[in-house]
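For reference, the chains in residue letters:
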Number of protein chains: 2
Amino acid sequence: MSNTSSDDIQLAEMFKALGNPHRLLIFQRLSNCCLPGTRCDLEQTMRFSVGQLGEGMEIAPSTLSHHLKELHRSGLIKMSRQGKRVDCWIDPAVLNRLAGFFYNPSENEMRGDRDVG
Amino acid sequence: MSNTSSDDIQLAEMFKALGNPHRLLIFQRLSNCCLPGTRCDLEQTMRFSVGQLGEGMEIAPSTLSHHLKELHRSGLIKMSRQGKRVDCWIDPAVLNRLAGFFYNPSENEMRGDRDVG
DNA sequence: ACTAGTATTCGACATATTTCGAAATATAGA
DNA sequence: TCTATATTTCGAAATATGTCGAATACTAGT
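The rules behind the values
Throughout, a residue's number is its position along its own chain's written sequence, starting from 1. Key to labels: chains lettered from A, ligands numbered from 1, both in the order written. Predicted model: local features are reported for residues with pLDDT of at least 70 only, side-chain atom pairs are reported and counted for 80 or more only, and whole-chain, interface and lining totals are derived from all residues. Working from all heavy atoms in the structure, the side-chain values ignore hydrogens and water. Helix and strand definitions here come from DSSP, where helices need a minimum of 4 consecutive H or I residues and strands a minimum of 2 consecutive E residues; each element is numbered from the N-terminal end. Only protein chains enter the accessibility calculation, which uses a 1.4 Å probe. A residue is then buried if its area is under 20% of the maximum for its type, exposed if over 50%, and partly exposed in between. Note on contacts: a residue pair qualifies if any of its non-hydrogen atoms lie within 4.5 Å across the two residues. The method behind every accessible area is Shrake-Rupley, applied with a 1.4 Å probe, and residues are considered shielded solely by the protein chains displayed. Between any two strands, pairing holds if DSSP finds at least two bridges. Nearness here has a simple test: a residue counts as near a molecule or strand if at least one of its heavy atoms is within 4 Å of that partner. Think of a polar contact as two N or O atoms within 3.5 Å of one another; within protein, one of them needs to be a possible hydrogen donor and the other a possible acceptor, and neighboring residues in sequence only count if both atoms come from side chains. Residue polarity is assigned by list, with Asp, Glu, Lys and Arg as charged and Ala, Val, Leu, Ile, Met, Phe, Trp, Tyr, Cys and Pro as nonpolar; anything else, Gly included, falls into the polar class.

Remarks on the overall build of chain A
Assigned secondary structure in chain A consists of 6 helices and 3 strands. N-terminal to C-terminal, the α/β element order of chain A is α-α-β-α-α-β-β-α-α. Considering chain A as a whole, with its 117 residues, one finds that 39% of them fall into the buried category. Nonlocal contacts in chain A, meaning residues at least 24 apart in sequence, comprise 60% of its contacts between residues at least 6 apart. Accessible surface, chain A: about 6,700 Å² in total, of which carbon and sulfur atoms supply 50%.

Quick look at the sheet that holds strand β3 (residues 85-89) of chain B
Residues and elements named next belong to chain B. Spatially, the 3 strands line up as an open sheet ordered β1-β3-β2, and their pairing is antiparallel. Each edge of the open sheet is held by one strand with a lone partner, namely β1 (48-49) and β2 (78-82). Bridge count for β1 against β3 is 2 bridges, and the pairing is antiparallel. The partner of F48 across the bridge, within β3, is C88.

Observations concerning the protein's contact with DNA strand C
Around DNA strand C sit 25 residues, and of these G51 and S65 of chain A together with K16, T63 and H67 of chain B come closest. In this structure, a phosphate oxygen belonging to DNA strand C sits 3.4 Å away from a side-chain N or O atom of R85 of chain A. Between DNA strand C and the protein, one listed contact pairs a phosphate oxygen with a side-chain N or O atom of K16 of chain B at 2.8 Å. Contributions of two or more residues to the surface near DNA strand C are made by α3 (50-54), α4 (61-73) and β3 (85-89) of chain A together with α2 (21-31) and α4 (61-74) of chain B. For the surface near DNA strand C, the class distribution of residues is 6 nonpolar, 11 polar and 8 charged.

Here we look at the protein's contact with DNA strand D
By nearness alone, 25 residues border DNA strand D, and A60, T63 and H67 of chain A together with G51 and S65 of chain B come closest of all. Counting only atoms of DNA strand D within 4 Å of the protein, the fraction found in sugar and phosphate groups is 72%. Measuring from a phosphate oxygen of DNA strand D, one finds a side-chain N or O atom of R85 of chain B at 3.4 Å. Listed by contribution, the elements that provide at least two residues to the surface near DNA strand D are α2 (21-31) and α4 of chain A together with α3 (50-54), α4 and β3 of chain B. Considered class by class, the residues forming the surface near DNA strand D number 6 nonpolar, 11 polar and 8 charged.

Rendered as C-alpha coordinates:
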(Lines give C-alpha, C1' and ligand atoms only; values in the text may rest on other atoms or scores of the structure.)
Protein backbone atom coordinates (compact mmCIF):
# COMPACT_ATOMS: atom_id res chain seq x y z
CA MET A 1 0.00 0.00 0.00
CA SER A 2 1.96 2.98 -1.18
CA ASN A 3 -0.44 5.84 -0.96
CA THR A 4 -2.12 5.62 2.42
CA SER A 5 -1.59 8.19 5.15
CA SER A 6 -2.00 7.46 8.84
CA ASP A 7 -5.04 9.67 8.73
CA ASP A 8 -6.63 7.41 6.15
CA ILE A 9 -5.72 4.36 8.17
CA GLN A 10 -7.55 5.75 11.17
CA LEU A 11 -10.55 6.49 8.96
CA ALA A 12 -10.52 2.91 7.72
CA GLU A 13 -10.41 1.71 11.33
CA MET A 14 -13.48 3.77 12.12
CA PHE A 15 -15.37 2.40 9.14
CA LYS A 16 -14.31 -1.11 10.00
CA ALA A 17 -15.69 -0.59 13.49
CA LEU A 18 -19.00 0.63 12.06
CA GLY A 19 -19.06 -2.29 9.67
CA ASN A 20 -20.43 -4.66 12.29
CA PRO A 21 -24.22 -4.49 12.80
CA HIS A 22 -23.96 -4.69 16.59
CA ARG A 23 -21.43 -1.90 16.72
CA LEU A 24 -23.36 0.22 14.25
CA LEU A 25 -26.43 -0.11 16.46
CA ILE A 26 -24.47 0.98 19.50
CA PHE A 27 -23.11 3.94 17.60
CA GLN A 28 -26.59 4.92 16.46
CA ARG A 29 -27.91 4.79 20.00
CA LEU A 30 -25.16 7.12 21.09
CA SER A 31 -25.56 9.53 18.19
CA ASN A 32 -29.31 9.86 18.48
CA CYS A 33 -28.72 12.41 21.16
CA CYS A 34 -32.29 13.61 21.44
CA LEU A 35 -35.76 12.29 20.88
CA PRO A 36 -37.17 12.79 17.37
CA GLY A 37 -38.11 16.40 16.82
CA THR A 38 -36.28 17.54 19.91
CA ARG A 39 -33.07 19.50 19.84
CA CYS A 40 -30.29 18.87 22.30
CA ASP A 41 -27.54 21.06 23.54
CA LEU A 42 -24.01 21.04 22.21
CA GLU A 43 -22.39 20.34 25.56
CA GLN A 44 -24.96 17.75 26.41
CA THR A 45 -23.81 14.73 24.43
CA MET A 46 -25.80 11.62 25.17
CA ARG A 47 -24.19 9.20 27.56
CA PHE A 48 -25.12 5.60 28.15
CA SER A 49 -23.57 3.06 30.44
CA VAL A 50 -22.25 -0.15 28.96
CA GLY A 51 -25.18 -2.05 30.42
CA GLN A 52 -27.73 0.35 28.97
CA LEU A 53 -26.17 0.08 25.54
CA GLY A 54 -26.49 -3.67 25.68
CA GLU A 55 -30.19 -3.63 26.53
CA GLY A 56 -32.23 -5.38 23.88
CA MET A 57 -29.15 -6.68 22.13
CA GLU A 58 -28.88 -10.40 22.45
CA ILE A 59 -25.18 -10.70 22.99
CA ALA A 60 -23.11 -11.81 25.97
CA PRO A 61 -21.65 -9.09 28.20
CA SER A 62 -18.16 -10.12 27.15
CA THR A 63 -19.09 -9.68 23.50
CA LEU A 64 -20.58 -6.27 24.23
CA SER A 65 -17.40 -5.29 26.02
CA HIS A 66 -15.35 -6.44 23.08
CA HIS A 67 -17.38 -4.33 20.63
CA LEU A 68 -17.17 -1.28 22.86
CA LYS A 69 -13.43 -1.70 23.01
CA GLU A 70 -13.30 -1.80 19.21
CA LEU A 71 -15.36 1.37 18.94
CA HIS A 72 -13.12 3.02 21.48
CA ARG A 73 -9.86 1.90 19.87
CA SER A 74 -10.95 3.20 16.49
CA GLY A 75 -11.62 6.59 18.07
CA LEU A 76 -15.37 6.56 17.54
CA ILE A 77 -16.43 6.70 21.16
CA LYS A 78 -15.15 7.90 24.51
CA MET A 79 -15.46 5.91 27.73
CA SER A 80 -15.01 6.78 31.36
CA ARG A 81 -15.83 5.00 34.59
CA GLN A 82 -18.54 6.60 36.69
CA GLY A 83 -18.75 4.65 39.90
CA LYS A 84 -19.82 1.12 39.25
CA ARG A 85 -20.60 1.88 35.64
CA VAL A 86 -18.68 2.91 32.58
CA ASP A 87 -20.22 5.66 30.52
CA CYS A 88 -19.88 5.92 26.75
CA TRP A 89 -20.44 8.88 24.45
CA ILE A 90 -19.49 10.23 21.06
CA ASP A 91 -17.13 13.13 20.62
CA PRO A 92 -19.09 15.52 18.34
CA ALA A 93 -15.87 16.28 16.42
CA VAL A 94 -15.91 12.70 15.21
CA LEU A 95 -19.31 13.17 13.61
CA ASN A 96 -18.05 16.27 11.84
CA ARG A 97 -14.99 14.51 10.56
CA LEU A 98 -16.97 11.61 9.18
CA ALA A 99 -19.72 13.74 7.67
CA GLY A 100 -17.02 15.87 6.06
CA PHE A 101 -15.47 12.84 4.44
CA PHE A 102 -18.61 12.18 2.45
CA TYR A 103 -19.68 15.74 1.94
CA ASN A 104 -19.45 16.60 -1.74
CA PRO A 105 -19.04 20.37 -2.26
CA SER A 106 -20.40 20.15 -5.79
CA GLU A 107 -23.82 19.31 -4.42
CA ASN A 108 -24.63 22.45 -2.48
CA GLU A 109 -27.76 22.96 -4.52
CA MET A 110 -29.14 19.64 -3.38
CA ARG A 111 -29.07 20.65 0.27
CA GLY A 112 -30.80 23.90 -0.54
CA ASP A 113 -30.12 25.69 2.73
CA ARG A 114 -26.74 27.26 2.36
CA ASP A 115 -27.19 30.25 0.07
CA VAL A 116 -27.12 33.84 1.22
CA GLY A 117 -30.37 34.86 2.88
CA MET B 1 -29.98 -8.84 17.01
CA SER B 2 -33.49 -7.62 17.62
CA ASN B 3 -33.44 -4.03 16.55
CA THR B 4 -31.72 -3.90 13.20
CA SER B 5 -33.54 -2.90 10.03
CA SER B 6 -32.47 -4.00 6.56
CA ASP B 7 -31.56 -0.39 5.94
CA ASP B 8 -29.10 -0.49 8.82
CA ILE B 9 -27.69 -3.76 7.57
CA GLN B 10 -26.95 -2.21 4.21
CA LEU B 11 -25.28 0.72 5.95
CA ALA B 12 -23.13 -1.69 7.93
CA GLU B 13 -22.16 -3.43 4.70
CA MET B 14 -21.05 -0.12 3.23
CA PHE B 15 -18.98 0.72 6.27
CA LYS B 16 -17.47 -2.72 6.29
CA ALA B 17 -16.47 -2.23 2.67
CA LEU B 18 -14.84 1.10 3.54
CA GLY B 19 -13.10 -0.50 6.49
CA ASN B 20 -10.36 -1.96 4.35
CA PRO B 21 -7.52 0.46 3.52
CA HIS B 22 -7.29 -0.67 -0.09
CA ARG B 23 -11.00 -0.23 -0.65
CA LEU B 24 -11.05 3.10 1.15
CA LEU B 25 -8.29 4.32 -1.15
CA ILE B 26 -10.25 3.22 -4.21
CA PHE B 27 -13.34 4.96 -2.90
CA GLN B 28 -11.39 8.15 -2.26
CA ARG B 29 -10.00 8.11 -5.78
CA LEU B 30 -13.50 7.85 -7.13
CA SER B 31 -14.96 10.51 -4.87
CA ASN B 32 -12.27 13.11 -5.50
CA CYS B 33 -14.12 14.03 -8.62
CA CYS B 34 -12.16 17.17 -9.36
CA LEU B 35 -8.72 18.55 -8.77
CA PRO B 36 -8.30 20.57 -5.55
CA GLY B 37 -9.92 23.98 -5.88
CA THR B 38 -11.79 22.95 -8.99
CA ARG B 39 -15.51 22.39 -9.12
CA CYS B 40 -17.02 19.61 -11.14
CA ASP B 41 -20.43 19.15 -12.58
CA LEU B 42 -23.16 17.10 -10.92
CA GLU B 43 -23.76 14.90 -13.94
CA GLN B 44 -20.07 14.45 -14.48
CA THR B 45 -19.13 11.86 -11.89
CA MET B 46 -15.55 10.68 -12.11
CA ARG B 47 -15.03 7.36 -13.82
CA PHE B 48 -11.97 5.17 -13.67
CA SER B 49 -11.37 1.82 -15.21
CA VAL B 50 -10.44 -1.10 -12.96
CA GLY B 51 -6.87 -0.93 -14.21
CA GLN B 52 -6.57 2.78 -13.52
CA LEU B 53 -7.86 2.34 -10.01
CA GLY B 54 -5.21 -0.25 -9.34
CA GLU B 55 -2.33 1.96 -10.48
CA GLY B 56 0.14 2.54 -7.68
CA MET B 57 -1.54 0.01 -5.43
CA GLU B 58 0.67 -2.99 -4.93
CA ILE B 59 -1.94 -5.68 -5.10
CA ALA B 60 -2.57 -8.46 -7.60
CA PRO B 61 -5.24 -7.88 -10.25
CA SER B 62 -7.33 -10.64 -8.76
CA THR B 63 -7.22 -8.95 -5.38
CA LEU B 64 -8.19 -5.64 -6.91
CA SER B 65 -11.10 -7.30 -8.64
CA HIS B 66 -12.21 -8.85 -5.38
CA HIS B 67 -12.19 -5.47 -3.61
CA LEU B 68 -14.11 -3.83 -6.41
CA LYS B 69 -16.70 -6.56 -6.18
CA GLU B 70 -17.05 -5.90 -2.46
CA LEU B 71 -17.53 -2.18 -3.04
CA HIS B 72 -20.09 -2.94 -5.70
CA ARG B 73 -21.99 -5.50 -3.64
CA SER B 74 -22.27 -3.11 -0.72
CA GLY B 75 -23.78 -0.53 -3.04
CA LEU B 76 -20.94 1.97 -2.81
CA ILE B 77 -19.91 1.95 -6.45
CA LYS B 78 -21.38 1.29 -9.85
CA MET B 79 -19.62 -0.69 -12.57
CA SER B 80 -20.19 -1.14 -16.26
CA ARG B 81 -18.16 -2.66 -19.05
CA GLN B 82 -16.92 -0.23 -21.67
CA GLY B 83 -15.24 -2.25 -24.39
CA LYS B 84 -12.20 -4.02 -23.03
CA ARG B 85 -12.43 -2.16 -19.77
CA VAL B 86 -14.81 -1.94 -16.88
CA ASP B 87 -15.57 1.54 -15.61
CA CYS B 88 -16.31 2.35 -11.97
CA TRP B 89 -17.96 5.39 -10.42
CA ILE B 90 -19.82 6.54 -7.35
CA ASP B 91 -23.51 7.27 -7.36
CA PRO B 92 -23.72 10.78 -5.80
CA ALA B 93 -26.82 9.72 -3.86
CA VAL B 94 -24.62 7.35 -1.90
CA LEU B 95 -22.43 10.22 -0.72
CA ASN B 96 -25.52 12.10 0.44
CA ARG B 97 -26.85 9.14 2.31
CA LEU B 98 -23.59 8.53 4.12
CA ALA B 99 -22.98 12.19 4.91
CA GLY B 100 -26.53 12.41 6.23
CA PHE B 101 -25.92 9.54 8.59
CA PHE B 102 -23.24 11.50 10.42
CA TYR B 103 -24.71 14.94 10.09
CA ASN B 104 -25.68 16.23 13.51
CA PRO B 105 -28.35 18.97 13.33
CA SER B 106 -27.44 20.29 16.79
CA GLU B 107 -24.07 21.46 15.52
CA ASN B 108 -25.09 24.08 13.03
CA GLU B 109 -23.11 26.72 14.89
CA MET B 110 -19.91 24.73 14.58
CA ARG B 111 -20.06 24.89 10.81
CA GLY B 112 -19.94 28.65 11.13
CA ASP B 113 -21.55 29.57 7.83
CA ARG B 114 -25.22 29.48 8.62
CA ASP B 115 -25.94 32.47 10.86
CA VAL B 116 -27.52 35.69 9.70
CA GLY B 117 -25.00 38.11 8.19
C1' DA C 1 -14.07 -7.86 55.03
C1' DC C 2 -17.97 -9.43 52.62
C1' DT C 3 -21.45 -8.96 49.10
C1' DA C 4 -23.83 -7.46 45.02
C1' DG C 5 -23.68 -5.07 40.74
C1' DT C 6 -21.09 -3.78 36.68
C1' DA C 7 -17.72 -4.46 33.33
C1' DT C 8 -13.37 -6.60 31.45
C1' DT C 9 -9.94 -10.21 30.34
C1' DC C 10 -8.80 -14.73 28.82
C1' DG C 11 -8.88 -18.91 26.14
C1' DA C 12 -11.24 -21.41 22.83
C1' DC C 13 -13.75 -22.27 18.69
C1' DA C 14 -16.21 -21.41 14.28
C1' DT C 15 -16.46 -18.47 10.61
C1' DA C 16 -14.94 -14.67 7.56
C1' DT C 17 -11.50 -11.99 5.20
C1' DT C 18 -7.36 -10.94 2.60
C1' DT C 19 -4.34 -12.30 -0.47
C1' DC C 20 -2.17 -14.77 -4.22
C1' DG C 21 -1.30 -17.49 -8.67
C1' DA C 22 -3.26 -20.10 -12.28
C1' DA C 23 -6.83 -20.62 -15.29
C1' DA C 24 -10.84 -18.80 -17.55
C1' DT C 25 -13.62 -15.11 -19.78
C1' DA C 26 -14.52 -10.89 -22.54
C1' DT C 27 -13.37 -7.58 -26.10
C1' DA C 28 -11.08 -5.29 -29.97
C1' DG C 29 -8.19 -5.54 -33.71
C1' DA C 30 -5.01 -7.72 -37.30
C1' DT D 1 -9.33 -17.08 -36.13
C1' DC D 2 -5.44 -15.76 -33.63
C1' DT D 3 -3.44 -12.34 -30.45
C1' DA D 4 -3.01 -8.91 -27.02
C1' DT D 5 -5.23 -6.47 -23.35
C1' DA D 6 -8.36 -6.20 -19.45
C1' DT D 7 -10.79 -8.32 -15.93
C1' DT D 8 -12.90 -12.14 -13.33
C1' DT D 9 -13.29 -16.74 -11.26
C1' DC D 10 -11.44 -20.39 -8.66
C1' DG D 11 -9.04 -22.83 -5.15
C1' DA D 12 -5.89 -22.48 -1.25
C1' DA D 13 -3.31 -20.56 2.62
C1' DA D 14 -2.59 -17.28 6.38
C1' DT D 15 -4.67 -14.22 9.33
C1' DA D 16 -8.53 -11.73 11.55
C1' DT D 17 -13.08 -11.48 13.63
C1' DG D 18 -17.29 -12.58 16.39
C1' DT D 19 -18.86 -15.13 19.84
C1' DC D 20 -19.24 -17.45 24.20
C1' DG D 21 -18.45 -19.00 29.20
C1' DA D 22 -15.50 -18.87 33.11
C1' DA D 23 -12.68 -16.29 35.74
C1' DT D 24 -11.12 -11.78 37.19
C1' DA D 25 -11.32 -6.77 38.49
C1' DC D 26 -13.54 -2.53 40.04
C1' DT D 27 -16.90 0.10 42.96
C1' DA D 28 -20.37 1.14 46.47
C1' DG D 29 -22.72 -0.39 50.46
C1' DT D 30 -23.29 -3.07 54.64
